[in-house]
Structure formats: C-alpha cells, structure tokens
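Fold and contact review
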Number of protein chains: 4
Amino acid sequence: MTSRRTPFANELSPASQTGWRAHWFHIIFGHEDAAGRRFDVLLIIAILGSIAVAVFDSVAHAHAQYGKFFYTLEWVFTVAFTLEYVMRILVVDRPWRYIRSFFGVVDVLAVLPTWISLIAAGSQYLLVVRALRILRIFRILKLTRYVGEADLLWSTLIRARRKVLVFFSAILTLVLIFGALMYLIEGPEDGFTSIPTSMYWAIVTMTTVGFGDITPKTVLGKMLTSLIILIGYSIIAVPTGIFTAELAAGMRSKRKYRPCTQCGQADHEGDARYCRVCGMELPAENH
Amino acid sequence: MTSRRTPFANELSPASQTGWRAHWFHIIFGHEDAAGRRFDVLLIIAILGSIAVAVFDSVAHAHAQYGKFFYTLEWVFTVAFTLEYVMRILVVDRPWRYIRSFFGVVDVLAVLPTWISLIAAGSQYLLVVRALRILRIFRILKLTRYVGEADLLWSTLIRARRKVLVFFSAILTLVLIFGALMYLIEGPEDGFTSIPTSMYWAIVTMTTVGFGDITPKTVLGKMLTSLIILIGYSIIAVPTGIFTAELAAGMRSKRKYRPCTQCGQADHEGDARYCRVCGMELPAENH
Amino acid sequence: MTSRRTPFANELSPASQTGWRAHWFHIIFGHEDAAGRRFDVLLIIAILGSIAVAVFDSVAHAHAQYGKFFYTLEWVFTVAFTLEYVMRILVVDRPWRYIRSFFGVVDVLAVLPTWISLIAAGSQYLLVVRALRILRIFRILKLTRYVGEADLLWSTLIRARRKVLVFFSAILTLVLIFGALMYLIEGPEDGFTSIPTSMYWAIVTMTTVGFGDITPKTVLGKMLTSLIILIGYSIIAVPTGIFTAELAAGMRSKRKYRPCTQCGQADHEGDARYCRVCGMELPAENH
Amino acid sequence: MTSRRTPFANELSPASQTGWRAHWFHIIFGHEDAAGRRFDVLLIIAILGSIAVAVFDSVAHAHAQYGKFFYTLEWVFTVAFTLEYVMRILVVDRPWRYIRSFFGVVDVLAVLPTWISLIAAGSQYLLVVRALRILRIFRILKLTRYVGEADLLWSTLIRARRKVLVFFSAILTLVLIFGALMYLIEGPEDGFTSIPTSMYWAIVTMTTVGFGDITPKTVLGKMLTSLIILIGYSIIAVPTGIFTAELAAGMRSKRKYRPCTQCGQADHEGDARYCRVCGMELPAENH
C-alpha cells in the first residue's frame, strides 16, 4: 500500500495520490472532506457574486453610480477564476482531456470575455457570455443527490424522445401552415409582414403566450386565430381531462380485497364472484 | 374528578377548566359547542367585512362617497379585533406562547396599522397590511376537514421538494441565459433596458403570460423568443402528452376481450384464467 | 290492459296514454320514434338558427344590410318557440312542475326578451338573453350517450369538490394579498388604481393570461410580478412534472408476469424471487 | 418463379415486377433498398428547400435582394416536383387511384400554384398553398417508426372522441354566453363591437392567451373577465391537481413498511404476506 506513494507510483497517477498537486486536486475537484466542501461553497459564492455584478452592471443608473466598484469586482472575480482554471489544468493528470471537456470549455468561457475586453474594442457584447458562468454551478450540483432527480426527468425525456419529436413536428407543421395562411389573409398592413413573422406570431398564439404586438384584424383572421388558439389550448387541456375521466372511471369500478380461500389471490374486481386465478367461488362480502 | 375543579387544580390549567376565563376560552378557542361555533361564524363575517371595507375604500369614487362610513366601520372592526386580541391573551394559560405564535402575530398585524395611523403621518401604506386579515380565517378553517385536503397537497409538495427545486433551478438558469442573450440581441432601444428587465421579460414569456409591454423586434430576437416560448410550453404540454400515451399503451394491454363460454362476460383482466362472474374456465387465448 | 285506455285511466295519466295530448307529448317530449326524432332535429336547427340570427345581427354592417331579414326571422323563431312552449304546457300532466323546472325557465327566457321588446323601450339589452337559447339544446343532448361522459367529468368534480374549494381559496387568498401589495408598490399612476383593479390584474397575471393593459413599472413591482407568475405557472407545471417523474420511477421497477406454481398469483414486482401471497419460490425467468 | 417475369405476368402486375416502370416504382415508392432511400432523402431535401424559398421570399428585403434567385429556385423545384408527379402516375398500376388519394392531391397542389401563376394574374395568393408541401414529407415519415407514436396518440384521441366533443361543446357554450354578456356590458366603445368579436375575445381570454387588443374597462366587465379566466385556468390546473392528490393518497397506502425478519427487505406491497426476496413470512401488521 505504501509503495503506491513512491515517486514511481506518483508518476502513474500523481494528482490523485500525493504531493502539492494531489493536495490541490483534492481541494479543487474533491467534495468529500472539509477542505473540498469549503472550496465548493467559496466557488458557488464567487460564481453567484460575479453573475450578480454582470446583471446589475447592465442597469443604467446602477452602472452610473457603482460602475467603478463593479469594474473592480469583475476583475477580482476574473483573476480568481483564471487562477482556478490554471490550477485545474496543473493538478489534473490529463490536462487536454479537461480543457476539451464540457466544464473545461465553460470555465474558459467564464473568463475569456473580460480578458478580451482589454485588447479589443467593441467586445462589450461578449460580456453577456459571462451569464454562462451559471453553468459552472452545475459542476458542484452534479455531485448532490438533486442530480438524481434531474437525471430521472432527463432519462424519461430520452425514453420518450420519439413522442417529443412527433409533438414538435406536429407543432411546427401547424405553425408553418397557419403562419402562411395568416400572412395570406391578414397581410403586411396588419403586422403580418412576412411568413417568418407570421410563424413567430403563430408560435406566440398557439402556445397561449399572446403578446398582442401583432393581432388579427379581419373576420377570417380572427376565426383562424380562434382555431389555432383552441388547438394550442386543447393540447394541454384535453390530455389532463381525459386522464381525470379515466381516473374517475377507474375509481368507480374499484377493486376489492377479498382473498380467495383456495389460492389466496386477494386482489379482485368489484363485481367478481369467482377467483380469476383458480376459479374458486369467492367468500361473500361482509360489509 | 370534582377535585380537579378546585382552585388548586384551576391554577394548574385554569383556562381549560373553570371560571370566566375557561368560559371565554371555550367560546373563543373552542369550536365544538354552539357558543364556540357562533363565535367562529361571527369572526369570519367580521374578517370578510373588514377586508371588504379595506378593498372598496381603495376605489377612488367609493372613497369619495362612502369614505366616512368606511372609516367608522374600519374603527368598529379594529376595536372589535383589539378586544378579541386582549381576550385571547387573558384567557390562555401561556400568553407569551400565543403572542409569538403565527396566528398571534397575524392577529396583532390585523389591528396595528389602524392604531398606528392615529399617531403617525404617512402610515397609509400600512393600511394595505390589513389584507393580511384574510390569513385569520385559516385559524378557523384549520379545524375543518378541508385542511386534510390541503395537507395532502402540501405533503406531496414536501416529498417532491427536490424535484420542485430542480424545476425552479432549471427555470431560473434558462431565464438568466435567455435574459442576457435577449439584452445583447435586442438592446435598450426595444425595451430590453437591462439584464434584470430582460430576465423579467423572459419569465413573462416562458410562462406563457406574454404581457406584450416588451416584445422582440429583431429577427434573431424573434427566433430566440420562439425557442424560449416552445420550451415553456413544452414543460406543460410534453409531460401530459407522454402520460396520456403511456396510459393509452397501458389500457391497450391491461384488459382483454375474451367472452366467457358460459355467461358471456367478455371483459377480463389480462391474467384471468377463470371467469370472475360464473367461475367457468376461460377459453385459451389464440394469438 | 285496455282498461287503462278508458277515460278514467286517462284522467290519471292522460298525456302519456292517449288522445291528441298523448300524441303531441310523444312528439315533443319523446325521442324514441321517428316523429320524436324529427321534432328534435327540427328544434336543434331552430335553436342554432335563432342564435345565429342574434349573433350576426349584432354585427353593425350585417345589421345595416340584413336587419329587416333578421328581424323577420327572429319573429318567426319567437312565434315558433312560443307555440312550442304553449304546447309543452298543454300536453304535460303537471304544467306547474314543468314551468318551474330548469328547462321550463330556459324555454320562457328564450322567447320573453323578443315579446318585451314590443312593449318596452330600451329593452334591447334583454336581447342578449337570447344567447341562453343555447342551453335549450342540452335538453335534447341530455338523452344522448354524450351526457354519460359529461356526467363522469361532473361526478369527478363533485367528488373532488373539497380539493377544488381548497384550490380556489388558495388562488383567491394569493390574489388578495398580491393585489393589495401591487396597489401599494405601483400605485394609481401605473394603472393599479384600486385594490379591486389590482386583484383583477393579479388574476389576469397569475393565470398566465397577461393582457398587458396594466403592467408593473417599478423594479419591486416587476420582482413581485415574477413571483406571482412563477406561482401561477408552477400550479400547472409542477404536478405534471412530478407525475411524469413518478411514472418514470414506476416504469423502472416494472412488474413482471410470473405465475406462482403454487397459488397462481402472476403479478409480481421485478425483483421478487418468492411469491408474496403464499411464500413459494417463483419459477426462474426465461428471457 | 422466372415465369412471373414473362410479359404476361408483367401485364398482371407490371410496375411491381419488371421493366423500367418496375425499376422506377421501386425507386420512387420503395423505401427498402439503397436507391429508394437515396430518393427519399433527396425528396425531403427538395421539399424543405422549396418551403424555405417560399418562406424567405415573403420577407420584403430578402425578396428585393434575392428575388430572382428565389424565382429560379422555385421553378427548379416546381419542374422537379412536376416530373416526379408524372413519373408517379406512369409507374403505378392504377393511376386514377393514386391521383385521387390524399398524397396524390397534395402532390398536385404542391406544383399547381406555380404553373397557374404563369397564366393568371393576381394568383400570387395561391403561392401560399406551397406551404402545404410540408405535408408531402409525411409520405416518407409514414414509414418510419415515429408514426407508431403518432398512431398511439391519435388512437387515444379517437377513443376519447366523445370526451373531446363534450369538452369543445362546453368551451363553445361558455364562449357564446360570456361573449354575449360582455358585448352587453362593455359595448362597442370598449372594442366589443359585436357578439362574434366578443366571442373571439372570450376564446382569447379563456384559453389564457390574452392578446390585450380588447380588454374590459367597466367594473362588471372585469369581474366577468376574472370569472371566465378562472374557469379557463381551472380546466387545466384542477385535473392535474386532483390527479397529483390522488397519486399522493395512492402512494401513501399502496406500499407498506414492514421489514422482513430474515432479510430486512422493508418495502412491500400492501397485500404481501411473504417476503418477495427471501420467502420468509412477514410479521403481522400491528395497526
């Protein structure tokens, strides 16, 4: 066992075994011991703090008043995240694998915009990319049991992917056809300036969002709008309604617990007089 | 038994045993006998009445016409609630425990704003707090069997709290990312004046509310809007759709059509071998 | 049997036995034979026709062009419905019972507005009551098997009435509290002119309708709006999500069909090795 | 076997057996071999391409810049689709049956508008019909396993058609009555210019779309609007809530915590008497 701590073993899997790299690997990538958890909490605070700075700096009067303070904070977070990124590269055994991983890319995207803003003019647009820092949080959340729930939801979605594809194909076909029809009926003077705009309107309408920036003015347009709205509403309302009705029907012919005297099968339908498994007459109900 | 009604026993648990305090304790806190129920009904009427006064007094022309009448009514209710509060303190054994309880705080919040308005200028804002009087009603409702239903819903929510947290984390992450992107794409001239405003817009849009006070104007903005709308719509529509499909698949296989040769009953469970109505062996399946 | 057709028996239950009253009773109230069904179809056409006249007469340019034609049609329908109403009174055994029944009231409401418009000025408002004629259709639909489905939905709602009441109480409490808060925060200058108006806005917002005629302008107002929107959206989205997750979890540990060699119980959990009914070892799976 | 390739056999079922017609029949209608699949992929690309041209050509500035290019592309696609249509007629055994089939009509509708635009002025409206080309894609999708999922959803809908009809009847009755009432209460000055317009508004409102182009201004109108909104919202929210509550109640009772004295497995079904893992008799329930 101790032989694994020799330099040779260290060369095989250095970061995860010993030395300062191993020490920092445990702090940065580990989540089990106190040091690892302290680092995680610190990282979450830094991520949320840096996002808060980016969000509030976009508010004009906050920028006017606290602009310099936000700027300083932004650089503190950027330098800290850059140091963290360098450390991550240094302590892992296969740096390239980490750099090209999903979280490796997110980590570099989290600091790049700020550095680029130093050398390139007009790169203020890039600053929005900092919002992606929120994704860094999922690295830590990945280890909690919350991810089990998310996984469950995700795997359900994956298993039902064909149903989901059929659903989106149906939605988009309806959007294309209704969008084209509304463009024809209403025309540019009512805001339906092109088929893409009409399709955008059809999505807004069918999903019951209804901004109201574009609305039908003609009688035929309003009839078609009523139709697409009812389709969109039914997609949500009809399944739940059917479902509740089925539930109600199911509860009506409830099952009864009456153990068969011969085979013990106890779960029978309400109107059963003979055991469906062995054919024995069921005992009379005593209620 | 009678010894418990002696002054000594009375000192142990006075309110719940005898004397005027016990009498009023039963009326105010009790709900079983006629007096207690009469008090409950009176209290519900007073609460709803005082809320109605607060609500209608906020309407400008109603205030102009009935302002004085509302003012008088408000003081009648406030004095009554204050008396009730004092009585509650007097009749309970442990007044401090009641005062610091949830309903104790609600009871004092129900009368405080009106009293403060006497001595402090500009306290009209506090009057809105009177709307919290509605919470007082739940003290009485707590005892009805309706609360069992609410409890059931609540406990389901508690058991599913991790799923609910995952849901809200996902929603808020999407809101942050889409909000930042829309702020970048549309910019202040189209109403997306800051990232917080954009995030507010993203919530309004994703949940299919769609006020229409801020709407995308650029092509890219409309495409991103369509995407966020479809995500928000799918969160509701897809699970119900998947569910209905599963139900349909389940119903198809669960029951089988196999008419009994003796009694003709044709609707049997999938695993039935004997007719549950007449006990006859069912014909073998031929598929 | 023939004795029941004597005048004496006729006096006991005349309409349902013989004579012109019996004949018309069968036509008007019956639905089984050809004459009864012809009358039903005619009545449905007349009802839908009269509603179509009322609906299209409200369109200004249609009224200008076809006003006289609509007026004539309206009187044709009114006279026909009045004759039908008189006939119904004449042919039933207990006229008062019919007159005071739900459909009796609907029948008289269907013709009254037109007659009143003859003698009273300003009674044009009453004409809208004619839309209630649609309810007359349910008299006939009541006999179809569609009503079984509606009954099922209705009885489910009745059985769940306490849950529904809890739901509406929760919604209205939230609407009152958020309405009062928004009135305080936003104030009349942003459209929140009174608490009732604020509550109307809260209903429009929480249910994801979002007209956009009143929208929050302050930062705090937008935050509160985001909160109420997320609550309203979650009320729909969270249950379906939880449900789908439960379904997914359920499908994972699916049940298997493995009949017990001793008792025949065939429905076992996926990981079962012994019959849960009789304790016998289950046969090995062969897939 | 070879005799079936003689001219005589060819006359019986020519296209599907031999010759150039059989060859092209396999390519155009077949989907099994490489040539058939290549044709399918090519067709999908052509359909999506031609729709993209129609969609983007409707955008004013895209039309100004790429109008000629779009025009050329449109003719390329139209000629290709026309050739394909002629080929389909030539290679099938019963051309009339194909021409009158659903996809035969869609195929001709896909090319007709462009040809008509050559000879008739003002036929630009017909160009929108080209959006129906999207339906041509379903011919190919019909053969994939995605259609099984769509079939399942469709058959569920068909089985529940009476529930769906009851649902739409209820919606439309509510829309008629609320539409007429709002027309009476609000009147033309607030945008409720006629009962059909009011009904359009009622659909927009009840389904939680809420464009906001027409909104109630009177107090009574806002109260009625709140009512119709709550009905529309409840249609979606109540069933899911009831359902989740039922699920919660079901989960509480279905399984029981009774640890097996032998193996410790504690999670058993409600009717279990023997441990399903080790076969040991479970301890008796003590409640």
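Rules and cut-offs
- Residues numbered from 1 in each chain as written.
- Chains lettered and ligands numbered in written order.
- Predicted model: local features only at pLDDT ≥ 70, side-chain atom pairs only at ≥ 80, totals over all residues.
- Heavy atoms only, no water.
- Helix = DSSP H or I, 4+ residues; strand = E, 2+ residues; numbered from the N terminus.
- Buried < 20%, exposed > 50% of the residue type's maximum accessible area, 1.4 Å probe, protein only.
- Contact = heavy atoms within 4.5 Å.
- Areas by Shrake-Rupley, 256 points an atom, 1.4 Å probe, with all protein chains shown as cover.
- UniProt positions renumbered as here; feature names shortened; annotations may be inferred.
- Expected span 1.5 Å × (residues − 1).
- Salt bridge = Lys/Arg side-chain N within 4 Å of Asp/Glu carboxyl O.
- Phe/Tyr/Trp six-rings, centres within 6.5 Å; stacked < 30°, edge-to-face > 60°.
- Lys NZ or Arg CZ within 6 Å of the ring centre and 35° of its normal.

Once that is clear, we can look at the overall build of chain A. Of the regular secondary structure elements, chain A holds 11 helices and 2 strands. Scanning chain A from its N terminus toward the C terminus, one meets helices and strands in the order α-α-α-α-α-α-α-α-α-α-α-β-β. Taking all 287 residues of chain A together, 47% fall into the buried category. Restricting the contact set of chain A to residue pairs at least 6 apart, pairs at least 24 apart contribute 47%. Of the accessible surface of chain A, which amounts to about 14,800 Å², a share of 68% is contributed by carbon and sulfur atoms.

A word on the UniProt feature "transmembrane region" (unreviewed entry) in chain A. The UniProt feature table records "transmembrane region" (unreviewed entry) at residues 41-60, 72-91, 111-132, 164-185 and 227-249 of chain A. Overall, residues 164-185 of chain A shows 100% helix and 0% strand. The separation of its end C-alpha atoms is 31 Å.

A few words on helix α10 (residues 195-206) of chain A. Residues and elements named next belong to chain A. When the terminal C-alpha atoms of α10 are compared, their 16 Å separation across 12 residues agrees well with the 16 Å that a helix rising 1.5 Å per residue should span. Among the 12 residues of α10, 11 are classified as buried, and the element is accordingly described as predominantly covered. Residues of α10 that are buried include every one of Ile195, Thr197, Ser198, Met199, Tyr200, Trp201, Ala202, Ile203, Val204, Thr205 and Met206, and no others. Thr208 sits one or two positions beyond α10 and adopts a positive phi of about 65 degrees.

Before going further, it helps to spend a moment on the environment of His23 of chain D. Mapped onto the secondary structure, His23 of chain D falls in helix α2 (residues 19-29). A C-alpha to C-alpha distance of 34 Å links His23 of chain D and Phe69 of chain D, two positions 46 residues apart in sequence.

So, on to the environment of Leu132 of chain C. By the secondary structure assignment, Leu132 of chain C is in the loop between α7 (112-119) and α8 (137-141). Residue Leu132 of chain C is classed as partly exposed on the basis of its relative accessible area, which comes to 28%. Linking Leu132 of chain C and Gly221 of chain C, residues 89 residues apart in sequence, is a C-alpha distance of 41 Å. Setting aside chain neighbours within four positions, we find Leu132 of chain C in contact with Val106 and Leu109 of chain C together with Ile177 of chain D.

Considering all chains together, one arrives at 28 salt bridges over all chains under this definition. Between Arg133 of chain A and Glu74 of chain A there is a salt bridge, and its shortest N-O distance comes to 3.1 Å. Highlighted residues: Arg133 of chain A in the loop between α6 (102-119) and α7 (137-141) and Glu74 of chain A in helix α4 (residues 60-91), separated in sequence by 59 residues. Since its relative accessible area comes to 0%, Arg133 of chain A is described here as buried. The buried category is assigned to Glu74 of chain A, whose relative accessible area is 5%. Notably, a salt bridge pairs Glu74 of chain D with Arg130 of chain D, separated by 3.0 Å at the nearest N-O pair. Note that Glu74 of chain D is positioned in helix α4 (residues 60-91) and Arg130 of chain D in the loop between α6 (102-119) and α7 (134-141), a separation of 56 residues in sequence.

In the structure shown here, the tally under the stated rule is 47 aromatic pairs over all chains. With a centroid separation of 6.5 Å and an interplanar angle of 20 degrees, the aromatic rings of Trp201 of chain A and Phe211 of chain D are classed as stacked. Residue Trp201 of chain A is located in helix α10, and its partner Phe211 of chain D is located in the loop between α10 (195-206) and α11 (219-254); the two belong to separate chains. Residue Trp201 of chain A is classed as buried on the basis of its relative accessible area of 2%. By relative accessible area, which is 2% here, Phe211 of chain D ends up buried. For the pair Tyr85 of chain C and Tyr98 of chain C, a centre-to-centre distance of 6.0 Å together with 45 degrees between the ring planes defines the contact as tilted. Note that Tyr85 of chain C is positioned in helix α4 (residues 60-91) and Tyr98 of chain C in helix α5 (residues 95-100), a separation of 13 residues in sequence. In this pair, the class of Tyr85 of chain C matches that of Tyr98 of chain C, namely buried. Within the aromatic cluster, the residues linked to one another by ring pairs are Phe25, Phe29, Tyr85 and Tyr98 of chain A. Lying over the aromatic face of Phe29 of chain A, Arg88 of chain A brings its terminal NZ or CZ to 4.9 Å of the ring centre.

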